[in-house]
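Chain and residue survey
For reference, the chains in residue letters:
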Amino acid sequence: MPAVSVVSGVRDKLGSMAVKKTLIPWSSAKPAPVVMISGGESVLVRMAKDRIVSAARKQDPEEIEFDAAGYQGGELAMAASPSLFSSSKLIVVDAVEKCSEDFLNDALAYLDAPNDDAVVVLLHAGGNRGAKLIKKLDAAGFPRIDAAVLKNESDRAKFAQTRFKTAKRRIDEAGMAALMSALGSDLAELNAGVDQLIEDTEGTITAEVVDQYYGGRVEATGFKVADAAVAGDAKNALSLLRHALSTGSDPVPLVAAVAMKLRGMAKVQGFSGTSGELASELKMAPWQVDRARREVRRWNEVALGQSLIAAAEADAAVKGGGRDPVYAVEWFVSEVARLARQR
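Residues numbered from 1 in each chain as written. Predicted model: local features only at pLDDT ≥ 70, side-chain atom pairs only at ≥ 80, totals over all residues. Heavy atoms only, no water.

1. Details of the overall build of the protein
Check the secondary structure of the protein and you find 16 helices and six strands. For the protein, the C-alpha radius of gyration of 25 Å lies well beyond 20 Å, the compact-globule estimate for 343 residues. Overall, the C-alpha framework of the protein stretches about 75 × 40 × 40 Å when taken along its three principal axes. Relative to its full complement of 343 residues, the protein shows a buried share of 48%. (Helix = DSSP H or I, 4+ residues; strand = E, 2+ residues; numbered from the N terminus. Rg over C-alpha atoms; globule rule 2.2 N^0.38 Å. Buried < 20%, exposed > 50% of the residue type's maximum accessible area, 1.4 Å probe, protein only.)

Right under this line is the structure:
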C-alpha cells in the first residue's frame, strides 16, 4: 500500500471547477500526493512539516529537497519519478511564494498527473506569487495546511491548548492565564514553554507550576502588577512595580500590561452570554472573558472610564511625551489602584 490515499477520484470529479477551500489546521497535517503548507508562522510551518515528514518516512522514501526560487525546468518531474533507490518519494519544496516561472509551469502540469507513491510538500509563506497554483491545487482537492501568522492572543492560547490536548496533558484556567501572561506575546517562546511544561512536569499544570518556570519574566511581572492594581492593592502593585524597574524592566511594557487588562474589562462590561460566545465576538480567549468579568464586577463604570484615560496619558508619557517614564508608570499604577477602590 502507498503511504498516501489516492486522490485521483476527487480530481476527476472536480476537474477544473473552482471550489471553496477550507484550510486544514496544522494539527491535522498528514501526507498526500501533493500538500501545501500556507502561511508565514514559522512554528506552525515547522510543526505541520514535521507531522507530514514523520508519517511519510514510515515508507522509507527517497528524500529530496529544493528551493522553488532557484528551480530549473524538469526538476520536479525527475524528482517525483520512481527510481532504483525507492518507489516512494518525499519531496519538500521551499519558497514557493518566490518560485521561478519554470517551477510554476511544471507544478501546474504535475497536478494533472501526480505520482501517488510520492509525497510533494510545498511551502508557501504568503503573497500573490503562485496564486494560480494554489487555485488549481484547491480545485483538485489536495490539502492545504493553515500556517498563517497568529496575530492575536486568543489564537495563540488556542494553539497552546491544542498542544496540551495532543499531549494528553491538562492545564487549568489559572495555569493557562499565567502561561499566556509570561509567554503569550511570542508563539515561538510559547511553544517552547509548552514543550518544557509537558516534558518536565506531571499532573495538572497550575499557575503555581507555571510560575516556578516563568514567573520571573518581564511579561509575567507586568501582569502581576496589573492584577494587583485592578484589585485595588496599591501596596503590592507598587512593590512589584519597583522590583521590576530595579531589575531592568522598561516602563513601556509595564504600562501596556496594565492597560491591556483594563481594556479587557471594558470590553466585557455590560455584555451577556457565555464566555465562549463573547470570546469569538470580542477576539478574546474564553478564560480571558471569564477573568475580565470577575475583575470588572468590583469596578464602577465611571472609575473604569477614568482608568482608561489614565492609561492613555501614561502610555504617551512613557513613550517620550513626559519627562520621567518611571514617575509616569508609578503614578499610573497608583491611580488604577485608587480608582479600583471607588464604589
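2. Focus: empty space enclosed by the protein
One pass over the full model with this rule turns up one cavity of 30 Å³ or more. Reported here for the largest cavity is a volume of approximately 40 Å³. What lines the largest cavity is Val34, Leu76, Phe103, Ala107, Tyr110, Leu111, Val120, Leu122 and Leu133. Looking at the lining of the largest cavity, the elements with two or more residues in it are helix H4 (101-110) and strand E5 (118-124). Looking at which element gives the most residues to the lining of the largest cavity, the answer is H4, with three residues. Tallied by class, residues from the lining of the largest cavity come to nine nonpolar, no polar and no charged. (1 Å grid on protein atoms, 1.4 Å probe; cavity = no way out; pocket = protein on both sides within 12 Å on 5 of 7 lines; lining within 4 Å. Points joined across faces, edges and corners; volume = space filled by probe spheres on them. Nonpolar A, V, L, I, M, F, W, Y, C, P; charged D, E, K, R; others polar.)

3. A look at the side chain of Arg144
Along the chain, the position of Arg144 falls in strand E6 (residues 144-146). Engagement of the side chain of Arg144 in a polar contact is seen with the side chain of Asp138, the distance being 2.8 Å. (Polar contact = N/O pair within 3.5 Å; in protein donor to acceptor, adjacent residues only side chain to side chain.)

4. Quick word on the layout of surface pockets
Roughly 630 Å³ of volume is contained in the largest pocket. Along its surface, the largest pocket is lined by 30 residues, and Glu153, Phe223, Met260, Lys261 and Gln288 are the ones closest to its centre. For the lining of the largest pocket, the secondary structure elements donating two or more residues are helix H6 (153-166), helix H7 (173-183), helix H10 (218-230), helix H12 (251-268) and helix H14 (286-296). Here the element with the most residues in the lining of the largest pocket is H12; it accounts for nine residues.

5. So, the UniProt feature "domain: DNA polymerase III delta subunit-like C-terminal" (unreviewed entry) in the protein
Mapped onto this numbering, the UniProt entry gives "domain: DNA polymerase III delta subunit-like C-terminal" (unreviewed entry) at residues 221-335. The straight-line gap between the two end C-alpha atoms of residues 221-335 is 19 Å; of that span, 80% is helix and 0% is strand. (UniProt positions renumbered as here; feature names shortened; annotations may be inferred.)

6. Concerning the pattern of salt bridges
If charged atoms from side chains of opposite charge come close, those side chains can pair. A complete count under the given rule lists 14 salt bridges for this structure. A salt bridge links Asp315 to Lys319, with the nearest nitrogen and oxygen atoms 3.1 Å apart. Of this pair, Asp315 and Lys319 both sit in helix H15 (residues 301-321), four residues apart, roughly one helical turn. For Asp315, a relative accessible area of 27% gives the class partly exposed. Among the ionic contacts, a cluster of salt bridges with common partners joins Asp227, Lys261, Arg291 and Glu295. (Salt bridge = Lys/Arg side-chain N within 4 Å of Asp/Glu carboxyl O.)

7. What to know about the nonpolar core
Core analysis: the biggest nonpolar cluster contains 43 residues, and Ile37, Val121, Phe159, Phe164, Leu179, Leu190 and Leu197 have the highest contact counts within it. When residues of this core are traced back to their parent elements, those giving at least two are strand E2 (34-38), helix H2 (42-56), strand E4 (89-94), E5, H6, H7, helix H8 (187-200) and helix H9 (207-214). With near-sequence residues (within four places) excluded, Leu179 lies in contact with Phe164, Ile171, Gly184, Leu190, Val194, Leu197, Val210 and Tyr214. Listed in part, the 39 residues of the second largest apolar core include Ala237, Leu238, Leu262 and Ala317. (Core = buried A, V, L, I, M, F, W, Y, C linked by side-chain atoms within 4.5 Å. Contact = heavy atoms within 4.5 Å.)

8. Re H6
Think of an α-helix as 3.6 residues a turn; residues three or four steps apart then line up on the same face. Given a rise of 1.5 Å per residue, 14 residues ought to cover 20 Å, and the 20 Å separating the end C-alpha atoms of H6 matches this to within 8%. Residues of H6 that are buried in the fold lie against H2, H7, H8 and H14. A positive phi of about 60 degrees marks Lys168, the residue just after H6. (Expected span 1.5 Å × (residues − 1).)

9. A few points about the sheet that holds E4
Spatially, E1-E6-E2-E5-E4-E3 is the arrangement adopted by the six strands of the open sheet, whose pairing is parallel. Edge strands, defined here as strands with exactly one partner in the open sheet, are strand E1 (24-25) and strand E3 (62-67). In terms of strand pairing, E2 meets E5 through five bridges, oriented parallel. The residue of E5 that forms the bridge with Val34 is Val120. H4 contacts E2, E3, E4 and E5 of the sheet and is inclined by roughly 135 degrees relative to E5. (Pairing = 2+ DSSP bridges. Axes fitted to C-alpha atoms, helices over the stretch in contact; angles between N-to-C directions.)

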